[in-house]
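Structural overview
In case you want the letters, here they are:
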Amino acid sequence: MFGPDCIPEPADPAVLTAIPAGVKWIDLLNPTREEEKLAEKALGQNIPTRAELDEIEPSSRLYVRQGALFMTASVIHGITKGKPDTDPIGFVLTGKLLVTVRYVDPLPFVRFTEHLCAEPELAQEPVSIMVRLLDVIVDRLADELEAAAKDIETLSSQVFKHRSKVGSRKTEVRLEALLLRIGEVQRLLSELRESALSTARMLSFLSTSKLCRDSDQFASVESLQGDVRALLDHNDFLTDNLGFLMSASLGLITLEQNFVMKVFSVFAVVLMPPTLIAGIYGMNFEHMPELRWLLGYPFALALILVSAVVPYWIARRSGWL
């Protein structure tokens, strides 16, 4: 609970019978039924359930009921653990109280809580608290997009760096690792886009509400809308770049495979004449000119060697190997 005095510790529903006066923000993290009842009593509205938050249609995520704004946004989390994902977080806003319902603890909420405790005077109005919280969420999206852009730049230099030995095992391992990393960055961009789109819809809904228009936060909401649109455009740009790197990596893998097949094909051609000669002299005919010739065996070996060296020399001269 947050108001003019910061109360970040969870309230004990067994001791607390009502929300203290002056509280402007109630943050429910994995709430119990008793905690929900306390928030509902202070809000005068039912708190959205987990199932209701999971609804994806806009009419279930953004609506007005008895003067209160019910909004749901998909907020990204799990990036620091290498498992980016989005989870719905519910916002219920009235002129006197903001209630958030969540089942994850993303970094923007942690940072905003710390900031709010350091400057409790910021918690003067529910609308301003919500706008500042959304500002932190948008900043987090921007930071992750910047990090993704740096990752893509690094991947680009690795994909197109000079390869000392085509067809080597080291090259194959490097390309495989690049594909896995590209997949990880693509997953992150996908989750960031989902979160940005959800936030953009919520900001658009908030900007049209009477609560926002009557407050001094309308300009800030419009500014955040512009920021999110810019982030979505940048996300599209990075996604296109990543798609190009994926295609380039697959093309390089195809070239590696083609080189291996070319080597097998050339060596098959090189070995065909010696095989033919060995087959001829391996026939069991009684009358063969070289059969009783003293130099017949050395002559056959020399002929086999020459028939193998000549195609190999032609292949090297033509640049096939």
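Rules of the game
- Think of each chain on its own: its residues are numbered from 1, step by step along the sequence as written.
- In view of the model being predicted, local features appear only for residues whose pLDDT reaches at least 70, and side-chain atom pairs are presented and counted only at 80 or more, with totals across whole chains, interfaces and linings using the full set of residues.
- Excluding hydrogens and water, the side-chain figures rest on all heavy atoms present in the structure.
- Residues belong to one nonpolar core when they are buried, are Ala, Val, Leu, Ile, Met, Phe, Trp, Tyr or Cys, and are joined through side-chain atoms within 4.5 Å.
- Relative accessibility under 20% of the residue-type maximum defines a buried residue, over 50% an exposed one, and the middle range a partly exposed one, all with a 1.4 Å probe and only protein chains included.
- In this text, helices come from DSSP runs of H or I with a minimum length of four residues, and strands from runs of E with a minimum of two, each type numbered from the N-terminal end.
- By definition in these notes, contact holds between two residues if any of their heavy atoms fall within 4.5 Å.
- Centres within 6.5 Å are what make two rings of Phe, Tyr or Trp a pair, Trp counting through its six-membered ring; a difference in plane orientation under 30 degrees is then read as stacked, over 60 as edge-to-face, and the rest as tilted.
- Placement of a charge over a ring requires the Lys NZ or Arg CZ to be within 6 Å of the ring centre, with the centre-to-atom vector within 35 degrees of the ring normal.
- Here a patch means residues that are over 30% exposed by relative accessible area and free of salt bridges, tied together within 9 Å if like-charged and within 5 Å if nonpolar (Val, Leu, Ile, Met, Phe, Trp, Tyr).
- Residue-level accessible areas treat just the shown protein chains as cover; the underlying method is Shrake-Rupley with a 1.4 Å probe.
- Only one rule defines a salt bridge in this text: a Lys or Arg side-chain nitrogen within 4 Å of an Asp or Glu carboxyl oxygen.
- Only four residue types enter the charge count, namely Lys and Arg as positive and Asp and Glu as negative; His and the chain termini do not.
- A charged residue contributes its charge at one atom only: NZ of Lys, CZ of Arg, CG of Asp or CD of Glu.
- Note on pairing: DSSP must find at least two bridges between two strands before they are called paired.

Considering soluble globular proteins, one finds that nonpolar side chains tend to be buried as a cluster. In this structure, M71, F91, L189 and L206 are the most contacted members of the largest nonpolar core, which totals 53 residues. Counting residues per element, the ones that place at least two in this core are β3 (68-77), β4 (85-93), α4 (107-118), α5 (126-159), α6 (169-207) and α8 (218-281). Counting residues per element, this core draws most heavily on α5, at 15 residues. Residues contacting L189, with those up to four places away along its chain left out, are L145, A148, I152, N235, L238, T239 and L242. Counting residues in hydrophobic clusters, the runner-up holds 15 residues, among them I19, L38, V92 and V99.

So, on to the packing of aromatic side chains. Throughout the structure, instances matching the rule amount to 5 aromatic pairs. Relative to F244, the ring of F160 lies with its centre 6.0 Å away and its plane at 25°, an arrangement referred to as stacked. One end of the pair, F160, is in the loop between α5 and α6; the other, F244, is in helix α8, and 84 residues separate them in sequence. Each ring, one from F267 and one from Y312, has its centre 6.5 Å from the other, and the planes form 40°; the classification is tilted. Taken together, the residues F267 in helix α8 and Y312 in helix α9 (residues 296-317) connect sequence positions 45 residues apart. The class of F267 is partly exposed, set by a relative accessible area of 38%. Across from the ring centre of F70, 4.3 Å away, lies the NZ or CZ of R65, which sits over that ring.

We now examine unusual backbone geometry. The phi torsion at N30 lies on the positive side, around 50°, for a residue other than glycine. Tracing the backbone shows N30 in the loop between β1 (25-29) and α1 (33-43). Here N30 falls in the partly exposed class, since its relative accessible area comes to 45%. The backbone of Q66 sits at a positive phi, close to 55°, despite the residue not being glycine. Relative to the assigned elements, Q66 resides in the loop between β2 (62-65) and β3.

Below, the discussion takes up a nonpolar patch on the surface. On the surface, L305, V306, V309, V310, W313 and I314 cluster together into a nonpolar patch covering about 570 Å² of accessible area. Looking at the element boundaries, V306 is found in helix α9.

The next thing to look at is a negative patch on the surface. Residues D135, D139, D143, E146 and D227 make up a contiguous surface patch of negative charge. Topologically, D227 is positioned in helix α8. Judged by its relative accessible area of 37%, D227 is partly exposed.

With that settled, consider the pairing of β2. Across 4 bridges, the pairing between β2 and β3 is antiparallel. By the bridge assignment for β3, R65 is matched with A68. What sits between β2 and β3 in their antiparallel hairpin is a turn of 2 residues, with Q66 showing a positive phi close to 55°.

The next thing to look at is α1. Helical geometry: 3.6 residues make up each α-helical turn, so side chains three or four residues apart lie on a common side. Where α1 is concerned, the buried positions are E36, L38, A39, E40 and L43. Each element contacted by the buried residues of α1 is listed here: β1, β4 and β5 (98-102). At the exit of α1 stands G44, carrying a positive phi of roughly 80°.

Here we take up the side chain of T199. Along the chain, T199 turns up in helix α6. Since its relative accessible area comes to 1%, T199 is described here as buried. Apart from the residues lying within four places of it in its own chain, the contact partners of T199 are I137, V138, L141 and V228.

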